[in-house]
Amino acid sequence: MDLLALADFNLVARHGGVGRAARTTGRPKATLSRRVAELEASLGLRLFERGGRVLKLTQEGRALHERTAALLTELDETAAAIASGGGVPRGLLRISAPLLFSQTAMGRLAAEFAVKFPDIRLEVTTEDRPVDMVEEGYDLVIRVNPDPDETLVGRAFLRDRLVVVADPKLARPRNGSAAPAVVRGAAAGPQVWAMTDAKGRSTVVADPILSLSSLIMVRDAVRAGVGVARLPVSLVGPDLAAGHLAHWGDVEGPEIALWALYPSRRLLSARVSAFLDHLKSAFPTGEPEELAAFLAA
């Protein structure tokens, strides 16, 4: 198989068309089109559905792209490392991270990483949706409690838990009365929140009076004394320690875990390995209190 034709095929696949690939890389459109056609002829397969402004991969084309894009990247990185006379990580590292982690921690993490590895150009985007790493060209994604994915491997680097908190002046309701609540996202009426504390298991009826789109907004509203909320320990730890918020209990439910995920392949990019080590250095134990301390520092 012609590696140059395979590389040009992946270039066109990644950019979604010959024209876009040519404009981005400065390569002639005619050369890219010819190389893709030659590859299709040598394989006896149609790799793109042609028509319209955007080329779409066929089933065979998608399979070839998914299996060869990472391998070609590794070849390029290996050649660059040999040419530079060492294994110093360099090049572009694209990361997708969830909104809350990006807003609270990623700016400082990225800055510290940039100082450690000046030859790496780090690009971080904020996405709560599950991105397609291969199609969208990400090297690593950070996700909260991700669904199993056979094409990805990774590790949990942080754990968190939800707690029910309120302004200390807000009285805890008795006899089944509802407490005013602040929630993230749309609310469909009163909710029963199960929680545990030093005295055991209890519940509170939460009547949403505010629905906000981010947990930072929820925290700020609770700080203002408007109601009770369920929030991560990492986000309210300093407020609890200082007595600015009262802890009503720990929310019952599954553990919250932040995972760093990357394509399942034998040879891991030096850039990805460097960032994984950076996360481990920042959060050696991965406990919620560790993230809270990092955010408060």
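This text gives an overview of the structure that appears in the document.

### Some points on empty space enclosed by the protein
Counted under the stated rule, the structure contains 1 cavity of 30 Å³ or more. In this structure, the largest cavity spans a volume of roughly 40 Å³. If you go around the largest cavity, the residues you meet are Leu99, Leu100, Gln103, Arg184, Ser214 and Leu215. The leading source of residues in the lining of the largest cavity is helix H5 (residues 99–116), at 3 residues. Looking at the lining of the largest cavity residue by residue, the classes come out as 3 nonpolar, 2 polar and 1 charged.

### Let's talk about the side chain of Ser234
Along the chain, Ser234 falls in helix H8 (residues 233–242). A residue is classified by how much of its surface remains accessible, and Ser234, at 6% relative accessible area, is buried. A polar atom in the side chain of Ser234 sits 2.4 Å from the side chain of Asp160.

### Remarks on the packing of helix H1 (residues 3–15) against helix H2 (residues 18–25)
Viewed as axis vectors pointing N to C, H1 and H2 meet at an angle of 105°, and their least axial separation amounts to 8 Å. Classified by the angle between their axes, H1 and H2 sit roughly perpendicular to one another. Touching Leu11, Val12 and His15 of H1 are Val18, Arg20, Ala21, Thr24 and Thr25, all from H2. For the contact of H1 with H2, the class distribution of residues is 4 nonpolar, 3 polar and 1 charged.

### A word on the layout of surface pockets
Considering only enclosed or pocket space, the second largest pocket measures out at about 560 Å³ in volume. Along the wall of the second largest pocket there are 27 residues; nearest its centre are Leu100, Leu162, Arg184, Leu215 and Pro232. Looking at the lining of the second largest pocket, the element that brings in the most residues is H5, giving 4 residues. In terms of residue class, the lining of the second largest pocket is made up of 19 nonpolar, 3 polar and 5 charged.

### Some words on the environment of Val88
Structurally, Val88 is set in the loop between helix H4 (59–84) and strand S3 (91–97). Assessed through its relative accessible area of 47%, Val88 is described here as partly exposed.

### Focus: the packing of aromatic side chains
One pair of aromatic rings is described through two measures. These are the centre distance and the angle between the planes. Under the definition given, this model contains 6 aromatic pairs. Judged by centre distance (5.8 Å) and plane angle (70°), the ring pair of Phe101 and Phe157 falls under edge-to-face. Residue Phe101 is located in helix H5, and its partner Phe157 is located in strand S6 (residues 152–160); the two are separated by 56 residues in the primary sequence. A single burial state applies to Phe101 and to Phe157, both of which are buried. Relative to Phe283, the ring of Phe157 has its centre 6.3 Å away and its plane inclined at 35°; by these criteria the two rings are tilted. Placement of Phe157 in strand S6 and of Phe283 in the loop between helix H9 (270–282) and helix H10 (288–296) is noted, with a sequence separation of 126 residues between them. The exposure classification of Phe157 matches that of Phe283, with both residues buried.

### With respect to the pairing of strand S4 (residues 120–126)
Of the strand pairs in this sheet, S3 and S4 are connected by 7 bridges, and their pairing is parallel. The residue of S4 that forms the bridge with Ala97 is Thr126. Of the crossover connections in this fold, the one passing from S3 over H5 to the parallel S4 is right-handed.

### What about the pattern of salt bridges?
Summed over all chains, the structure comprises 18 salt bridges. We note a salt bridge from Arg94 to Glu123, for which the minimum N-O separation is 2.7 Å. Here Arg94, found in strand S3, pairs with Glu123, found in strand S4; they are 29 residues apart in sequence, far enough to count as distant. With relative accessibility at 29%, the residue Glu123 sits in the partly exposed group. A salt bridge links Glu289 to Arg161; its shortest N-O distance comes to 3.3 Å. Here Glu289, found in helix H10, pairs with Arg161, found in the loop between S6 and strand S7 (162–166); they are 128 residues apart in sequence, far enough to count as distant. Each of the salt bridges in this network shares a partner with another, and the network as a whole consists of Arg219, Asp220, Arg223 and Asp239.

### Observations regarding H5
Taking 1.5 Å per residue, 18 residues should reach 26 Å; H5 reaches 24 Å between its end C-alpha atoms and fits that length. A maximum bend of about 60° is found in H5 at Ala105.

The rules behind each value
Residues numbered from 1 in each chain as written. Predicted model: local features only at pLDDT ≥ 70, side-chain atom pairs only at ≥ 80, totals over all residues. Heavy atoms only, no water. 1 Å grid on protein atoms, 1.4 Å probe; cavity = no way out; pocket = protein on both sides within 12 Å on 5 of 7 lines; lining within 4 Å. Points joined across faces, edges and corners; volume = space filled by probe spheres on them. Helix = DSSP H or I, 4+ residues; strand = E, 2+ residues; numbered from the N terminus. Nonpolar A, V, L, I, M, F, W, Y, C, P; charged D, E, K, R; others polar. Buried < 20%, exposed > 50% of the residue type's maximum accessible area, 1.4 Å probe, protein only. Polar contact = N/O pair within 3.5 Å; in protein donor to acceptor, adjacent residues only side chain to side chain. Axes fitted to C-alpha atoms, helices over the stretch in contact; angles between N-to-C directions. Parallel < 35°, antiparallel > 145°, perpendicular 65-115°, else oblique. Contact = heavy atoms within 4.5 Å. Phe/Tyr/Trp six-rings, centres within 6.5 Å; stacked < 30°, edge-to-face > 60°. Pairing = 2+ DSSP bridges. Right-handed = clockwise from strand over helix to strand, strands pointing away. Salt bridge = Lys/Arg side-chain N within 4 Å of Asp/Glu carboxyl O. Expected span 1.5 Å × (residues − 1). Bend = angle between axes of the 7 residues up to and from the residue.

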